[in-house]
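# Summary of the model geometry
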Amino acid sequence: MAEDFLASALAAEASSRALQDPDYPLFHVAPPVGRLNDPNGLIEVGGTFHAFFQYTPEHPRRLVYWGHASSADLTHWNYHAPAILPDTHQDANGAYSGTAIEVGERVELWYTGNYKDAETGEREATQCVVTTTDMEHFDKQVPPVISRQPEGYTAHFRDPQVWRDMDGSYRMLLGVQRENLTGAALLYRSTDLRAWECEGEMTFPDAGGTFDAFGYMWECPNLVRLVDEATGDAHDVLIFCPQGVSPQREGFENIFPCVAIVGQLVGTEFRGASGSFEELDRGTEFYAPQIMARSASSSPDAPTILLGWAGNASEDDQPSIGTGGWVHCFTAPRALSLRNGRVIARPYLPGLVLAPATLDGEPGDEAGASVAELAGSRSWRLAFDASYEGALSVNIGEESGLAITLEEGRLTVDLTGTRYPHGGHRVVTLDPGEAGRVEILHDRSITEIYLGDGSRVFTTRSFLLGEGAGVTLTGGASVTKVSAVRAD
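Residues numbered from 1 in each chain as written. Predicted model: local features only at pLDDT ≥ 70, side-chain atom pairs only at ≥ 80, totals over all residues. Heavy atoms only, no water.

Identification of the protein chain as beta-fructofuranosidase from Schaalia odontolytica is taken from an unreviewed UniProt entry. The protein chain has a UniProt comment under Sequence similarities (unreviewed entry) that states "Belongs to the glycosyl hydrolase 32 family." (UniProt positions renumbered as here; feature names shortened; annotations may be inferred.)

Have a look at this one:
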């Protein structure tokens, strides 16, 4: 008798302890039970934001679904039954990552189907589609639309981004591995979303060979067009996760990085990219981000929104597994822009708007300064300006174990005293002025630090000691223009 995958997932959710866990986030997407990883199928339709996600409700049993959450304000999330089930040959070993696109009256969810032969170990990677007209009922097309990778590539062929091009045709961007075990991105084109022609690899003619053998696999590629705030010029930005990259410079400390390249896509050539690349987030937990697709009902003035996975591969042994039977979450939504050719990411939380706040005391006082509006809160948003005569320490709760230290040219985050087992101690060199504008999101067990009005971002899980309530600022800095809001 065939297994009822939906019933299995719903039974796991019904017995979940996640909502009773004091570490379970309030305004970040997290799994109803089990394991969450990559953001998938992000799209705004009719004023509602939909976030699908890689979902393993019976973790550690590896049945990979697409979970589904929705929100009107990107802050308060409703969770729905899983949208894609691993119930056919094409996705028996996982409905892997992909994106969403609105096509007339329907939305199509594109994903990679993963099948691995139990005897031979041979892998099949296929590009698959599910359609919906109401974001509640999802119809899977069988067989897959693209049944195998082109010659010259391994079965590491996945994570489709699908969009409508300026000429009315459709394009698909995929992360791949060449047979020589180097990473790349492939482009496909279609007139009807069902018959696809491989256009070839994305190339970088102005990059001096930097990306010709850049890691052993490129995962979760996303292409987005952004306008530079300083110049008014529009550029294409390629965001992807190259596995196996360890450049000899500060950063790139996580098992796999996520980088951004700025240029202009013309055909299959990504022109104007000089070979420079930057990590999108310098924290301990950030991977597989995705741009939220727009629909015909989206406002033309709406920002470009990105969400990432606040997790890492092979790092599932976190405290929440024991306390609540769940692991990992998303980052907060981020509005993307460019400034002088550099990606800028600002928190975008319409349901959690900052308001003027009051400091009790001064950072230089013996007891420091606490933010009155956040007293007793374990889930909040805080922003302030700082000028430095010495280091400024941000203390979340009493004896939390999380030590955030800001100086004029440096951010230091020390997680060695928390319950989080993977963080250690990180130092980030800051550009001049970046430490002057500070915004921090803290949501029970995740902390995001935004500096320089979004020019530097640091995301980490932060399983604090004790209650971890409120926030106190101490040290040699003057703090002004304080604003805050609590989420609990």
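After that view of the structure, there is still more to cover.
Let's shift gears to the pairing of strand β15 (residues 259-266). One face of the sheet, then the other: side chains in a regular strand alternate in exactly this way. Sheet topology note: the strand β14 (residues 234-243)/β15 ladder contains five bridges and is antiparallel. In the strand pairing of β15, Asp236 is matched with Gly263. Of the pairings in the sheet, the one linking β15 to strand β16 (residues 269-271) comprises three bridges and is antiparallel in character. Looking at β16, one finds that Leu265 is bridged to Phe270. Connecting the antiparallel pair β15 and β16 is a turn made up of two residues, with Gly267 showing a positive phi of about 65°. (Pairing = 2+ DSSP bridges. Helix = DSSP H or I, 4+ residues; strand = E, 2+ residues; numbered from the N terminus.)

The subject of this paragraph is the pattern of salt bridges. Side-chain pairing between opposite charges can occur once the charged atoms of the two side chains come close. Taken as a whole and assessed by the stated rule, the structure comprises 35 salt bridges. One salt-bridge network, in which partners are shared between bridges, spans Asp165, Asp167, Arg171, Arg189 and Glu199. (Salt bridge = Lys/Arg side-chain N within 4 Å of Asp/Glu carboxyl O.)

So, on to the sheet that holds strand β10 (residues 170-178). The four strands lie next to each other as β9-β10-β11-β12, forming an open sheet whose pairing is antiparallel. Each having just a single partner strand, β9 (153-164) and β12 (197-201) make up the two edges of the open sheet. Along the sheet, successive strands turn relative to each other by an average axial angle of 25°, direction set aside. In this structure, strand β11 (residues 183-190) lies alongside β12, joined through four bridges in antiparallel fashion. Considered in β12, the bridge of Leu186 is made with Glu201. (Axes fitted to C-alpha atoms, helices over the stretch in contact; angles between N-to-C directions.)

It is worth spelling out the environment of Ser71 at this point. Within the element layout of this structure, Ser71 appears in strand β3 (residues 65-71). Looking at Ser71, the relative accessible area reads 1%, which means it is buried. With 390 residues separating them along the chain, Ser71 and Arg461 place their C-alpha atoms 23 Å apart. Those residues in contact with Ser71 that sit more than four places away from it in its chain are Gly47, Thr48, Phe49, His76 and Trp77. At a separation of 3.1 Å, a polar atom in the side chain of Ser71 contacts the main-chain amide nitrogen of Asp73. For Ser71, the side chain forms a polar contact with the main-chain oxygen of His76, separated by 2.8 Å. (Buried < 20%, exposed > 50% of the residue type's maximum accessible area, 1.4 Å probe, protein only. Contact = heavy atoms within 4.5 Å. Polar contact = N/O pair within 3.5 Å; in protein donor to acceptor, adjacent residues only side chain to side chain.)

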